Amino acid sequence: MIKLSVNLLPREIIIQRTHNSKILFINKLSIVALVLLVFFTSSAFTIRFAQSKELSGNEKNLALAQEKVTGQQVKEQNLIFLKQRLDTIKTLKSGDTKIKTIFALVAYLLPGDIQVTTASVDKAGNMSIALNSPSLLSLETLISNLGDREKNNDLIERVDMDSLYLGRESMYKVSLKITQKK
Amino acid sequence: MEQLKTLYLKYRLFLWPIVSGLACLIILGFLVIPEMFSYFKTQGHISDIRNRIEVLEAKAATLESIDDSSNNQNLQVVSTILPADKDVPQTMAVLQDIITKSGLILKNTNYGASNKGAKNSDSFKMSISVNGPISAVRNLLINLADAPQVFQVEAINIQFQNAGSMVEADIPIVVFYQGTGRTSISVDAPVNELSETDKDFLAQLSKLIPTPLSNPSSASGSSVYVPLGKSDPFE
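The rules behind the values
Residues numbered from 1 in each chain as written. Chains lettered and ligands numbered in written order. Predicted model: local features only at pLDDT ≥ 70, side-chain atom pairs only at ≥ 80, totals over all residues. Heavy atoms only, no water. Helix = DSSP H or I, 4+ residues; strand = E, 2+ residues; numbered from the N terminus. Rg over C-alpha atoms; globule rule 2.2 N^0.38 Å. Buried < 20%, exposed > 50% of the residue type's maximum accessible area, 1.4 Å probe, protein only. Contact = heavy atoms within 4.5 Å. Areas by Shrake-Rupley, 256 points an atom, 1.4 Å probe, with all protein chains shown as cover. Buried area = accessible area lost by both parts, 1.4 Å probe. Salt bridge = Lys/Arg side-chain N within 4 Å of Asp/Glu carboxyl O. Polar contact = N/O pair within 3.5 Å; in protein donor to acceptor, adjacent residues only side chain to side chain. pLDDT = per-residue confidence, 0-100. Core = buried A, V, L, I, M, F, W, Y, C linked by side-chain atoms within 4.5 Å. Axes fitted to C-alpha atoms, helices over the stretch in contact; angles between N-to-C directions. Parallel < 35°, antiparallel > 145°, perpendicular 65-115°, else oblique. Left-handed = near helix turned anticlockwise from the far one by under 90°. Nonpolar A, V, L, I, M, F, W, Y, C, P; charged D, E, K, R; others polar. Patch = residues over 30% accessible without salt bridge, like charges linked within 9 Å, V, L, I, M, F, W, Y side chains within 5 Å. Phe/Tyr/Trp six-rings, centres within 6.5 Å; stacked < 30°, edge-to-face > 60°.

Focus: the overall build of chain A
In terms of regular secondary structure, chain A is built from four helices and four strands. Element order for chain A, N to C, with α for helix and β for strand: α-α-α-β-β-α-β-β. The C-alpha radius of gyration of chain A comes to 50 Å, more than 25% above the 16 Å expected for a compact globule of 182 residues. Each principal axis of the C-alpha atoms in chain A carries an extent, and together these give about 155 × 50 × 30 Å.

Given below as structure tokens:
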């Protein structure tokens, strides 16, 4: 059996009712939107409040940690002073290494029969030496030793013979200039 | 008034949604979104603070672990080796001692002007004339390197006397000292700990100082070398 529905309401009322339901729906939507907005806004403020509490707590801890470190400032300054001093001492102590090295090297390489009359080492570690040698062989040994990289530990750049002559008592008088490598 | 009423009745369907929509946009745009951004910014700031706290606490722990007495001893060693003040009589006494120990005789001493040296240090010159065998001059150079003070040989001039190994040597020596300036330190700067190389070097330096620094008053009563440095370098 087919059911029939007949709306006996006047047309104007039907239109009015449709219109009213639309208004109601839009109003409900607006209220929901406003409620959601109020919810988000209050959540945002609550989260910000909690965050500011966390921030102030962390700032207090930071101040405590800074105080701990500041309390050790004298120790820290002493440590820095110690390190700086050690660096300075290391640099200064190695400042005359070249002078001492060349002196010790030449003294070591000198054959036993050669006599030194004068010797001087300058700031740059270059040595001028005046010798008396009984033979040319000893001189040759000395110069060869000074020029040998293995024997001179690769320290000497060059050896200049400024003078060589046969003096009294058949002694060869030599003056050498030894330049150290930079 | 009638006009307004007519307008209201005509557009009342749209009025409330428009007003609430505008209010939502305004609140979102001026309140919620800026609050969100500042939340993330503050969160980053909190994270930075937490990192700083960790670093500072580690630094405080490192500083607390450093032994005060050994630190003071080390300070005394470096202040002796490189004193804060110029002390010519003390330096002269040290040099005289070294010259005698090396087997040389001191003939003459000249005191020279002060100068600025490397690493912001100050210095003055002491030129010595000594007599003795050449081996003693070699000993002098070794002993100067092992002296309880920083001496730098500037040059060596040797004159051999007649025959034999006796020499006359003129050696200008630069003596260094360095004032103790306070360094300002940032709280966040990392701790400048001593490396193993530094510790080894410090151990070598402490061997150069004849009197044990941990027991400054010697029980034997024999002549004691007085360190040049102050116990507190910042006094």
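There's plenty left to go through after this.
Section: the overall build of chain B
Regarding its fold elements, chain B presents five helices and five strands. When the elements of chain B are put in sequence order from the N terminus, they spell out α-α-α-β-β-α-β-β-β-α. Put simply, chain B has 235 residues, and 37% of those count as buried. Looking at chain B alone, contacts between residues at least 24 apart form 71% of all its contacts between residues at least 6 apart. Counting only carbon and sulfur atoms, one obtains 56% of the accessible surface of chain B, whose full area is about 13400 Å².

Brief notes about the interface of chain B and chain A
With 84 residues of chain B at the contact, the number on the chain A side is 62 residues. Summed over both partners, the interface of chain B with chain A buries about 6900 Å², with 67% contributed by carbon and sulfur atoms. Summed over the shared surface of chain B and chain A, the result is seven salt bridges. When the shortest N-O distance is used, the salt bridge between E54 of chain A and R50 of chain B registers 2.2 Å. Taken together, the links from chain B to chain A amount to 22 residue pairs in polar contact (both at pLDDT 80 or more). Those elements giving two or more residues to the side of chain B that touches chain A turn out to be α1 (2-65), α2 (68-81), α4 (134-145), β3 (151-153), β4 (156-160) and α5 (196-208) of chain B. In terms of residue count, the dominant contributor to the side of chain B that touches chain A is α1 of chain B (28 residues).

Let's talk about the confidence of the model for chain B
Residue and element names in this part refer to chain B. Predicted confidence across chain B gives a mean pLDDT of 83, with 85% of residues reaching 70 or more. The weakest mean pLDDT in chain B belongs to strand β1 (residues 105-116) at 82; the strongest belongs to helix α3 (residues 88-102) at 92. Contacts for the low-pLDDT stretch residues 213-228, under 50 throughout, to residues beyond four places or in other chains number 22 contacts. pLDDT under 50 marks residues 230-235. Its contacts with residues more than four places away, or in other chains, come to 13 contacts.

Let's talk about the nonpolar core
Of all hydrophobic cores here, the largest spans 48 residues; its most connected members are F103, M127 and I129 of chain A together with F151, I156 and I158 of chain B. By size, the runner-up hydrophobic cluster in this structure holds 19 residues, among which are F81 of chain A together with V78, I81 and F201 of chain B.

Looking at the environment of T109 of chain B
All names here are of chain B. Turning to its location among the elements, T109 is positioned in strand β1. Sequence separation of T109 and Y177 is 68 residues, and the distance between their C-alpha atoms is 19 Å. Those residues in contact with T109, other than ones at most four positions away along the chain, are M92, M126, S127 and I128.

Regarding the packing of α3 of chain B against α4 of chain B
The axes of two packed helices give the description: the angle between them and the distance between them. Residues and elements named next belong to chain B. Running from amino to carboxyl end, α3 crosses α4 at an angle of 140°, the nearest separation of the two axes being 8 Å. What the angle tells us is that α3 and α4 run oblique. Pair α3 / α4 crosses with right-handed handedness. Across the interface between the two elements, L95, I98, I99, K101 and S102 of α3 pack against A136, N139, L140, N143 and L144 of α4. Residue composition of the contact of α3 with α4, grouped by class: six nonpolar, three polar and one charged.

Quick word on the side chain of R85 of chain A
When you line up the elements, R85 of chain A lands in helix α2 (residues 73-93). Polar contacts involving the side chain of R85 of chain A include one to the main-chain carbonyl oxygen of G179 of chain B, which spans 3.4 Å.

A closer look at a nonpolar patch on the surface
A surface patch of nonpolar side chains, about 1100 Å² in accessible area, is lined by M1, L4, L7, Y11, F14, I18, L22, I26 and F30 of chain B. As for its position among the elements, L22 of chain B is in helix α1.

Here's the deal with the environment of A136 of chain B
All names here are of chain B. In this structure, A136 sits in helix α4. Separated by 36 residues in the primary sequence, A136 and T100 place their C-alpha atoms 9.6 Å from one another. Those residues in contact with A136 that sit more than four places away from it in its chain are S102, G103 and L104.

Quick notes on the packing of aromatic side chains
Summed over all chains, the structure comprises four aromatic pairs over all chains. Here F39 of chain A and F40 of chain A contribute two aromatic rings whose centre-to-centre distance is 5.7 Å and whose plane-to-plane angle is 55°, an arrangement assigned as tilted. Since its relative accessible area comes to 47%, F40 of chain A is described here as partly exposed. Between Y39 of chain B and F40 of chain B, the ring centres sit 5.4 Å apart and the planes meet at 70°, which makes this aromatic pair edge-to-face. Classification of Y39 of chain B by relative accessible area gives partly exposed; the value is 26%. Ring pairing ties together the aromatic residues Y111, F124 and Y177 of chain B, which thus form one cluster.

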